[in-house]
Every structure is written in structure tokens, then in C-alpha cells.
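As a plain string of letters, each chain reads:
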Amino acid sequence: MTKIISFANQKGGVGKSTICLQTVFHLTESGYRVLVIDLDPQGNTSSRLSKSDGEFTGTSSAELFQENFTDIKVMPCPRGMDLIWSTKNDPELSEIEGLPLSCVLNPADNLEKSGILEHYDYVAVDCPPSLGRKLVAALTLSTHVICPVQVSGFALDGVEGLLNTIISVQDELNPELENTGMVINNLNRNFPSHLQACKQLREAVPDLVYTAEIGLRGKLDEANNLGVPVWSIKATSAREAAKDMRAVINELMEKVG
Ligand SMILES: Nc1ncnc2c1ncn2[C@@H]1O[C@H](COP(=O)(O)OP(=O)(O)O)[C@@H](O)[C@H]1O
Ligand SMILES: [Mg+2]
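Each value, and the rule that gives it
- Residues numbered from 1 in each chain as written.
- Chains lettered and ligands numbered in written order.
- Predicted model: local features only at pLDDT ≥ 70, side-chain atom pairs only at ≥ 80, totals over all residues.
- Heavy atoms only, no water.
- Helix = DSSP H or I, 4+ residues; strand = E, 2+ residues; numbered from the N terminus.
- Rg over C-alpha atoms; globule rule 2.2 N^0.38 Å.
- Buried < 20%, exposed > 50% of the residue type's maximum accessible area, 1.4 Å probe, protein only.
- Contact = heavy atoms within 4.5 Å.
- Areas by Shrake-Rupley, 256 points an atom, 1.4 Å probe, with all protein chains shown as cover.
- Pairing = 2+ DSSP bridges.
- Axes fitted to C-alpha atoms, helices over the stretch in contact; angles between N-to-C directions.
- Salt bridge = Lys/Arg side-chain N within 4 Å of Asp/Glu carboxyl O.
- Arc of directions from axis to C-beta.
- Near = heavy atom within 4 Å.
- Polar contact = N/O pair within 3.5 Å; in protein donor to acceptor, adjacent residues only side chain to side chain.
- Nonpolar A, V, L, I, M, F, W, Y, C, P; charged D, E, K, R; others polar.
- Core = buried A, V, L, I, M, F, W, Y, C linked by side-chain atoms within 4.5 Å.

Named according to an unreviewed UniProt entry, the protein chain is ParA family protein originating from Vreelandella rituensis.

Enquirer: What is the right way to read the overall build of the protein chain from this model?
Expert: Each helix and strand in the protein chain was counted, giving 9 helices and 7 strands. Relative to the 2.2 N^0.38 estimate, which gives 18 Å for 257 residues, the radius of gyration of the protein chain is 17 Å and therefore close to what a compact globule would have. Out of the 257 residues in the protein chain, the part that is buried amounts to 55%. Partitioning the contacts of the protein chain with sequence separation of at least 6, the portion at a separation of at least 24 is 78%. For the protein chain, the accessible area works out to roughly 11500 Å², and carbon and sulfur atoms hold 49% of it.

Enquirer: Is there a simple way to think about the sheet that holds strand β7 (residues 178-185) in this case?
Expert: Each strand in a sheet pairs with its neighbour through backbone hydrogen bonds, running either in the same direction (parallel) or in the opposite one (antiparallel). An order of β3-β4-β2-β5-β1-β6-β7 is seen for the 7 strands of this open sheet, with the pairing classed as mixed. Looking along the sheet, the strands with just one partner apiece sit at the ends: β3 (75-76) and β7. With 7 bridges joining them, strand β6 (residues 144-150) and β7 adopt parallel strand pairing. Within the sheet, the bridge partner assigned to Val 149 lies in β7 and is Ile 184. Helix α1 (residues 16-29) rests against β1 (3-7), β2 (34-38), β5 (122-126), β6 and β7 of the sheet, and its axis sits at about 165° to β5.

Enquirer: What am I meant to see in the pattern of salt bridges here?
Expert: When their charged atoms lie close together, side chains carrying opposite charge are able to pair. Under the definition given, this model contains 10 salt bridges. With a closest N to O distance of 2.4 Å, Glu 213 and Arg 189 form a salt bridge. Taken together, the residues Glu 213 in the loop between α7 (192-204) and α8 (218-226) and Arg 189 in the loop between β7 and α7 connect sequence positions 24 residues apart. Overall, the relative accessible area of 17% leaves Glu 213 in the buried class. On the basis of relative accessibility, which here comes to 51%, the residue Arg 189 falls in the exposed class. Across the pair Lys 255 and Glu 251 runs a salt bridge, and its minimum N-O distance is 3.9 Å.

Enquirer: Teacher, can you tell me more about helix α4 (residues 106-114) here?
Expert: Turning to α4, its buried residues number three or more, namely Asn 106, Pro 107, Asn 110 and Leu 111. Down the axis, α4 shows its buried residues gathered within 125° of arc, on one side only. Considering only its buried residues, α4 is in contact with β2, β4 (82-84) and α5 (133-141). One or two positions beyond α4, positive phi appears at Gly 115, with a value near 75°.

Enquirer: How should I be thinking about the site of ligand 1 in this particular structure?
Expert: Around ligand 1, the structure places 16 residues, and the nearest of them are Gly 13, Thr 18, Asn 185, Asp 221 and Asn 224. Between ligand 1 and Arg 217, the relevant distance is 2.8 Å, taken from a nitrogen atom to a main-chain nitrogen or oxygen of the residue. The separation between an oxygen atom of ligand 1 and a polar side-chain atom of Asp 221 is 2.4 Å. For ligand 1, the accessible surface in isolation is 560 Å², of which the surrounding protein chains cover 83%. Every element with two or more residues in the shell around ligand 1 is listed here: α1 and α8. Counted by class, the shell around ligand 1 contains 4 nonpolar, 9 polar and 3 charged residues.

Enquirer: Before we go on, may I ask you to explain the pairing of β1 in this structure?
Expert: A regular strand places its side chains so that they alternate between the two faces of the sheet. The buried fraction of β1 amounts to 4 of the 5 residues, a majority that puts the element mostly inside the structure. Alignment of β1 against β5, held across 5 bridges, turns out to be parallel. For Ile 5, the partnering residue across the bridge sits in β5 and is Ala 124. Pairing between β1 and β6: 3 bridges, direction parallel. Counterpart to Ser 6 in the pairing with β6 is Val 145.

Enquirer: Would you take a moment to explain the nonpolar core for this structure?
Expert: The nonpolar side chains of a soluble globular protein tend to be buried with one another. Membership of the largest hydrophobic core comes to 45 residues, with the highest contact counts inside it found for Ile 37, Leu 111, Val 123, Val 125 and Ile 184. Tallying contributions element by element places α5 first for this core, with 6 residues. The next biggest cluster of nonpolar side chains, apart from the first, holds 39 residues, and it includes Phe 25, Leu 27, Tyr 210 and Ala 242.

Structure, rendered in C-alpha cells:
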């Protein structure tokens, strides 16, 4: 059965796309057949994977929201994964938030009816930074969700809303959805406030926090911007970043199976 993993948090800049991208690199390098669906109207993941500079072929992620759109065509990417894309500042994908609520069911329905999922071992869904229709649609079509979080400033404030959204999708739309939990990203172990926030989060929801944590790693940012696996960068500091990233990916894979 195809495992479909959403990378979700309504906050921007917490590491959804970074962790999604690196997980996808790991899975394709391991020989799995992988499809990426970019539901973020910023389109960062699409441009990094396709290396196409705005030239996309096949189905866009906005088209998945149409009723009975089952002629889905994916775009093959240089590193072996396939893509259902969004462009930079994708207006059509942004406008989904104005459609009737029932549109959230269409992507799951279209993917199912198209038969396309049978071609993949894993589907990774990069979610937008909002709690709107696109996030609900992503959670409705997924088997699993992982929530990158940051412990700095007010970044944890929205976590309750995110967990409640996941629970309501599980209750009303997709009882199969498994929440693999929150992964702490951008952690600075020299900041007592970070360590305190981690401790509080682990105490509050012990079953919902990954054991592995990702530190503030410049090389992860560099790999992300270059659109390459962090483990392909030759530097001591990249090894540390790759170690953090791999620990999270391994934990995710243990949970997803
Ligand atoms: N652990 C990290 N260390 C350093 N930079 C990071 C880390 N995680 C993410 N970043 C950088 O932070 C920015 C936001 O991350 P991104 O994955 O795009 O967040 P989101 O998809 O949640 O909006 C990107 O420039 C990314 O390269
Ligand atoms: Mg993103």
C-alpha cells in the first residue's frame, strides 16, 4: 500500500519543505518510487526538485481540486522523483481557499480514481503555511502526517490549533490518518529558553514528539537552497546536519513502515 505523508504546520519557516525535500531525496536514493505533491503556493519545493525555473509540465496541484479531474500527469524530476507542482506565487492554488468547503475532498478522490497512486511506494505532500482548505485536503488524502515545529519565540503557540485540525480530519474525513508527531527543528541547545520549551512540549504531549531533534544547521539551509541532499555536501558541519536529518527520517520511516 502506498504511504502518503503530509508535512504540515500552519506556521511558515518551521522546516516543512526542508524536511519534506530531504526525506524525498532519501527515499528516491533508497530505490523507492516517490511522488511529491506541492500544495504550497510559494512553489519552493517544485522549483528545487524540477530545477526548471518556472517551466512545468503535466498536472498542477491546483487542478487536483477540480471535480472529476482524473487525467493526472506527473512531471518527472532530474533526481528520479515525480512531481505535481505549484508555481512561484501560484494564483490558482491561492484561490482554492475561496472554493466551497467540499472541494477538500477532490484531491483524494481524483488521485484514487486516477489509479496513479499504485505507481508509487511513497507520496510526500508539502503543505502550505495555513489551516485552510489545502491543509485539510492534504490531511484527507494522507496516511500519515509529520509536524515540524520550532521552540523559539511564539512558534509553539499555534501547535494546539494544528493538532485539533488533525483530530477533526481524523474524526470527520479520514479515520486512517496517523499523526506521527512533532519534530523539533532549528533547536539551539545553547539557549536555555529552547531547552525549557522542548521539555515543556515533551511533558505536555509525550507521545507526540519525535525523539530526534534537528539543530540550527547552516548546511541544511545551504542544501535546501541548492536543492540537494544535505549528505551530498562535503564539510564537517554538513555531516552534523546530515546526522540530525537522517535521525528524523529514520524515526519517520519506523513510524510509517
Ligand atoms: N534546521 C535548520 N537549520 C538551518 N536552517 C534551516 C533549518 N530548517 C530550515 N531552515 C531554513 O529555514 C527556512 C525555512 O524553512 P522551510 O523548510 O522553507 O520552512 P517551511 O516550509 O515550514 O515554510 C529555509 O530557508 C530553510 O533552508
Ligand atoms: Mg514550505
